[in-house]
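Analysis of the macromolecular model
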Amino acid sequence: SLMDQVLGMQQIELRLAEYLGIARCVIATGDSDKQNQVISRLGKLLYQLLADQLPDGENIIAVMGGTTMAQAAEQFENLETAKRHNLFVPARGGIGELMNVQANTVSAVMAMRTNGAYRAIYVPEQLSLNTYESLLQEPAIAEVLALMQGANCVIHSIGRALPMAARRKMSETDILLLKRKGAVAESFGYFFNEKGQIVYKSPRIGLKLSQLQDVPYVYAIAGGRSKAKAIAAYMKNAPKQTCLITDEAVASEILKGA
Ligand code: G3H
């Protein structure tokens, strides 16, 4: 019956959260690899979580990019109330990626769909260390960075290491390094091995993983069986308060090894 299915899914959500050592998992039916609309389902679930959980007052929501985040944003509706106001900021600078999946763009779409406010940051993500250091001194950038660092909510996706490296046009040398170090996952510009250890950091402007530890609301949204290994790896060292929004295919793949 439908009731059994709902109860069954709740059991799987609890098992997955326990296995990954994070606060909560919310699982949509299907496999995002096979049906693109499953990503929209993840987006709807994420929206409902935000609507239920974001506290009253002024929230600052730092948002990452990627195709999952961009599609999820399309599912958002109003999140403003008389008592609750949300400011969306990108969690990092631009990137060697298409405009529509940049953190800046996703953050602006989320703000517009939810009737919130947003601030953009106009810097490329792939930077040399020298350029990076000097950009941090720019007042307009420093201001958005300060907002980012005061975020009480972070929303991000998780990708597979090598596809992400290729999409961001990383150098052959860096890609070889990633392979040698066994990188399987990417998030926030960090690459992780199967144990969840950081094996590479892109020089970039944005939130650092260490800054996530004190953020009360952290949502990771990623689906598709092909991402199961990347998601499991990232979660090994993810902030414990993380809520993962994923699909059935990922859950069954990860729990297969449990
Ligand atoms: O950091 C992770 C990536 O942004 C995920 O990208 O949603 O396009 O797979 P994706």
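Residues numbered from 1 in each chain as written. Predicted model: local features only at pLDDT ≥ 70, side-chain atom pairs only at ≥ 80, totals over all residues. Heavy atoms only, no water.

A closer look at the pattern of salt bridges
Using the criterion set out here, one finds six salt bridges in the structure. Lys256 is the partner of Glu253 in a salt bridge, and the nearest nitrogen-oxygen pair spans 3.3 Å. In this pair, Glu253 and Lys256 are both assigned in helix H10 (residues 248–256), three residues apart and thus about one turn of the helix distant. Under the relative-accessibility criterion, Glu253 is labelled partly exposed at 26%. Relative accessible area serves as the criterion here: at 62%, Lys256 is assigned to the exposed category. (Salt bridge = Lys/Arg side-chain N within 4 Å of Asp/Glu carboxyl O. Helix = DSSP H or I, 4+ residues; strand = E, 2+ residues; numbered from the N terminus. Buried < 20%, exposed > 50% of the residue type's maximum accessible area, 1.4 Å probe, protein only.)

Description of the confidence of the model for the chain
Here the chain averages 92 in pLDDT, and 97% of its residues register 70 or above. Predicted complex, confidence summary: ipTM 0.96, pTM 0.94. (pLDDT = per-residue confidence, 0-100.)

Examining the packing of helix H9 (residues 228–235) against H10
Angle between the axes and distance between the axes are the two parameters that describe a pair of packed helices. Running from amino to carboxyl end, H9 crosses H10 at an angle of 65 degrees, the nearest separation of the two axes being 9 Å. With respect to their mutual orientation, H9 and H10 come out roughly perpendicular. In the packing of H9 onto H10, the handedness of the crossing is right-handed. Where H9 abuts H10, its residues Ala228, Ile231 and Ala232 lie against Val250, Glu253 and Ile254. Its residues placed into classes, the contact of H9 with H10 shows five nonpolar, no polar and one charged. (Axes fitted to C-alpha atoms, helices over the stretch in contact; angles between N-to-C directions. Parallel < 35°, antiparallel > 145°, perpendicular 65-115°, else oblique. Left-handed = near helix turned anticlockwise from the far one by under 90°. Contact = heavy atoms within 4.5 Å. Nonpolar A, V, L, I, M, F, W, Y, C, P; charged D, E, K, R; others polar.)

Description of the layout of surface pockets
Considered as a void within the structure, the largest pocket measures approximately 390 Å³ in volume. Lining the largest pocket we find 27 residues, and of these Thr67, Thr68, Ile158, Arg167 and Lys227 sit closest to its centre. The set of elements that each furnish at least two residues to the lining of the largest pocket consists of helix H3 (67–73), strand E6 (159–160), helix H7 (161–167) and strand E7 (183–187). Take the lining of the largest pocket: its biggest share by element is four residues, from H3. The space that makes up the second largest pocket amounts to roughly 250 Å³. Lining the second largest pocket we find Tyr19, Leu20, Glu194, Ala228, Lys229, Ala232, Ala233, Met235, Lys236, Glu253, Ile254 and Gly257. Among the elements of the structure, helix H1 (2–20), H9 and H10 are those that each provide at least two residues to the lining of the second largest pocket. The leading source of residues in the lining of the second largest pocket is H9, at five residues. Classifying every residue of the lining of the second largest pocket gives seven nonpolar, one polar and four charged. (1 Å grid on protein atoms, 1.4 Å probe; cavity = no way out; pocket = protein on both sides within 12 Å on 5 of 7 lines; lining within 4 Å. Points joined across faces, edges and corners; volume = space filled by probe spheres on them.)

Focus: the environment of Val63
Tracing the backbone shows Val63 in strand E2 (residues 57–63). In this structure the C-alpha to C-alpha distance between Val63 and Val89, which are 26 residues apart in sequence, comes to 6.2 Å. Once residues lying within four places of it in the same chain are set aside, the contact partners of Val63 are Met69, Phe88, Val89, Pro90, Ala91, Ala103, Val106, Ser107, Met110 and Ile155.

Some remarks on the site of the ligand
The environment of the ligand is formed by 13 residues, the closest being Thr67, Thr68, Arg167, Glu186 and Lys227. Between the ligand and Arg167 there is a distance of 2.7 Å, counted from an oxygen atom to a side-chain nitrogen or oxygen. For the ligand, whose accessible area on its own is 310 Å², the fraction buried by protein is 94%. The cavity where the ligand resides is the largest pocket. Contributions of two or more residues to the shell around the ligand are made by H3, H7 and E7. (Near = heavy atom within 4 Å. Polar contact = N/O pair within 3.5 Å; in protein donor to acceptor, adjacent residues only side chain to side chain. Areas by Shrake-Rupley, 256 points an atom, 1.4 Å probe, with all protein chains shown as cover. Sits in = over half its atoms within 2 Å of the grid points.)

A look at the sheet that holds strand E11 (residues 242–247)
Taken in spatial order, the seven strands make up an open sheet running E1-E11-E10-E5-E2-E3-E4, and their pairing is parallel. Looking at which strands have only one partner, the edges of the open sheet turn out to be strand E1 (24–28) and strand E4 (117–118). As paired strands, E1 and E11 are joined by five bridges and run parallel to one another. Along E11, the bridge assignment pairs Ile27 with Thr246. Running over the sheet, H1 touches E1 and E11 and is turned about 135 degrees from E1. Along the sheet, helix H6 (residues 139–149) makes contact with E2 and strand E3 (84–90), crossing E3 at roughly 125 degrees. (Pairing = 2+ DSSP bridges.)

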